[in-house]
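Tertiary structure, described
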Amino acid sequence: LGINKLEIRAGLYGFNAVLLGMSMSLYIGIKGLHAIVYILLFSSLLTVITGTLSFYLKRFSIPYMSIPFVIVTWLAILIEDKVVFTSPYVIFSYPNIEVFLKNIGYIVFSPDSLSGIMVLLALFLYSRLMGIVVIISYIANTAFVSIFPAYSLFMTTSGFNAILTSIAVAGVFYVLNFRSLFIGIIASIFTVIAGSFISSIFLNYGLPVLTIPFNLVTLLTLYMVDRTTGSTDLSRVHLPESPEKNVHSSIREKEGCMIDLLTDRRLTLPFMGWWFVSQGVDGKHTHKGIFRYGLDFIVIGRDKKAFKNMGETRDEHYCYDMPVVTPQDGIVAALVSSITDNPVTTTNLQYNWGNYVIIQHAPDFFSILAH
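Residues numbered from 1 in each chain as written. Predicted model: local features only at pLDDT ≥ 70, side-chain atom pairs only at ≥ 80, totals over all residues. Heavy atoms only, no water.

Among the secondary structure elements, Ile 8 is positioned in helix H1 (residues 5-9). When residues no more than four places from it in sequence are discounted, the contact partners of Ile 8 are Ile 3 and Tyr 13. (Helix = DSSP H or I, 4+ residues; strand = E, 2+ residues; numbered from the N terminus. Contact = heavy atoms within 4.5 Å.)

Set out below in structure tokens:
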């Protein structure tokens, strides 16, 4: 469908499909040829919805996470008009431990103790910090529902949403420290509150809440924190790895910040996805002298054109309204953002740089993003 190949290889279009397959086995209980047809049809729809959400949410620098899976699963359940639940396998007689393990198992749509143990072990094998965050957040939420018993039902049946929120905020999208852990726990508690309200609405239609509370609270947290905090203690991770690797990278950057900035001239690409270079370093047109290191980037479609249809309007050009990101940490040294968009086929000779931002990365090292 012309979807970004880098995103496909990164698994961004695969994990929602995996969740969809598991959820269908849990909630609909389809088998045989019926299951194959359902998976093919709804996975195709899932791909379209994922691509659409990805396009619009990129503008706000927030991920679509598992929202596509929720939408398509709800649709499948409404069409089938039935919900099937598997019988849980009980191992522990202690209610809190049993509920905890069921919620952990619910992450892979297998809400029983045995699955919970396996998933928890997998979490600790992948990241001990992530496993610790899971336990701390669950204890905090258990304390919360003990004070406010009205939310205990959601915590018992869908508490995995709160666990996922704490993982996402504290260890995935932000570097794990005391500040991000605190925000992650608060966000997980709000997930319980929001989830109780959401589930009370959707249960009237016979729909499980799935991961919608986790998605909504996590996205809202990312959006608000990114736009309100000025603290250097909270570092956003745009290419998440394990919490340990995120912490290690953050420490390395802080300890060697000045040395690296004075000696290292490596920059990351100022965009997301696959773009193409129309004029590179020492280009034959305008990349001369002080501008010799310039790179002109364009977005093209499968037909190798930079626009669809006739390209008569700005919206028909693939690059229009796409987000631009900084190529390295730095300070904004100069900014122009008041130049209006040119109509297609016209050139603004008076302000030929257009809107631009100049970023100072070191005392003698600057970059400029223009046009």
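All right, on to the layout of surface pockets then. By volume, the second largest pocket amounts to about 1,200 Å³. Mapped onto the lining of the second largest pocket, the elements with two or more residues apiece are H1 and helix H3 (32-57). Looking at which element gives the most residues to the lining of the second largest pocket, the answer is H3, with 5 residues. (1 Å grid on protein atoms, 1.4 Å probe; cavity = no way out; pocket = protein on both sides within 12 Å on 5 of 7 lines; lining within 4 Å. Points joined across faces, edges and corners; volume = space filled by probe spheres on them.)

Our focus in this paragraph is the sheet that holds strand E4 (residues 356-362). With antiparallel pairing, the 3 strands of this open sheet are ordered in space as E3-E4-E5. Of all the strands in the sheet, the pair left with one neighbour each is strand E3 (331-336) and strand E5 (365-369). Between one strand axis and the next, the sheet turns through 20° on average, direction left out of account. One ladder, built from 5 bridges, connects E4 with E5; its direction is antiparallel. (Pairing = 2+ DSSP bridges. Axes fitted to C-alpha atoms, helices over the stretch in contact; angles between N-to-C directions.)

As a further point, take the packing of aromatic side chains. The way to describe two aromatic rings as a pair is by their centre distance and the angle between their planes. Within the structure shown, the criterion is met by 12 aromatic pairs. A centroid spacing of 5.4 Å and a plane angle of 55° characterise the contact between Phe 291 and Trp 353, whose relative ring orientation is tilted. With Phe 291 in the loop between strand E1 (276-279) and strand E2 (296-298) and Trp 353 in the loop between E3 and E4, this residue pair connects regions lying 62 residues apart in the sequence. Owing to a relative accessible area of 32%, Trp 353 belongs among the partly exposed residues under this scheme. (Phe/Tyr/Trp six-rings, centres within 6.5 Å; stacked < 30°, edge-to-face > 60°. Buried < 20%, exposed > 50% of the residue type's maximum accessible area, 1.4 Å probe, protein only.)

In this section: the nonpolar core. Ranked by size, the top nonpolar core spans 67 residues in total, and within it Tyr 27, Phe 100, Phe 109 and Val 134 carry the most contacts. Residue contributions to this core peak at 9 residues, all from helix H9 (residues 160-172). Not counting residues up to four positions away in its chain, the partners in contact with Val 134 are Phe 100, Ile 104, Leu 120, Leu 123, Ile 163 and Ile 167. (Core = buried A, V, L, I, M, F, W, Y, C linked by side-chain atoms within 4.5 Å.)

Right, let's talk about the pattern of salt bridges for a bit. The final tally for this structure, using the stated rule, is 2 salt bridges. Between Asp 282 and Arg 292 there is a salt bridge, and its shortest N-O distance comes to 2.8 Å. On the criterion of sequence distance, the pair formed by Asp 282 in the loop between E1 and E2 and Arg 292 in the loop between E1 and E2 is long-range, its members being 10 residues apart. In this structure Arg 292 comes out as partly exposed when scored by relative accessible area, which is 32%. Residue Asp 341 is joined to Arg 314 by a salt bridge in which the shortest nitrogen-to-oxygen separation is 4.0 Å. A residue pair is termed long-range when its members are at least 10 positions apart, and Asp 341 in the loop between E3 and E4 and Arg 314 in the loop between E2 and E3 qualify at 27 residues. (Salt bridge = Lys/Arg side-chain N within 4 Å of Asp/Glu carboxyl O.)

By themselves, these observations are geometric and do not establish any function.
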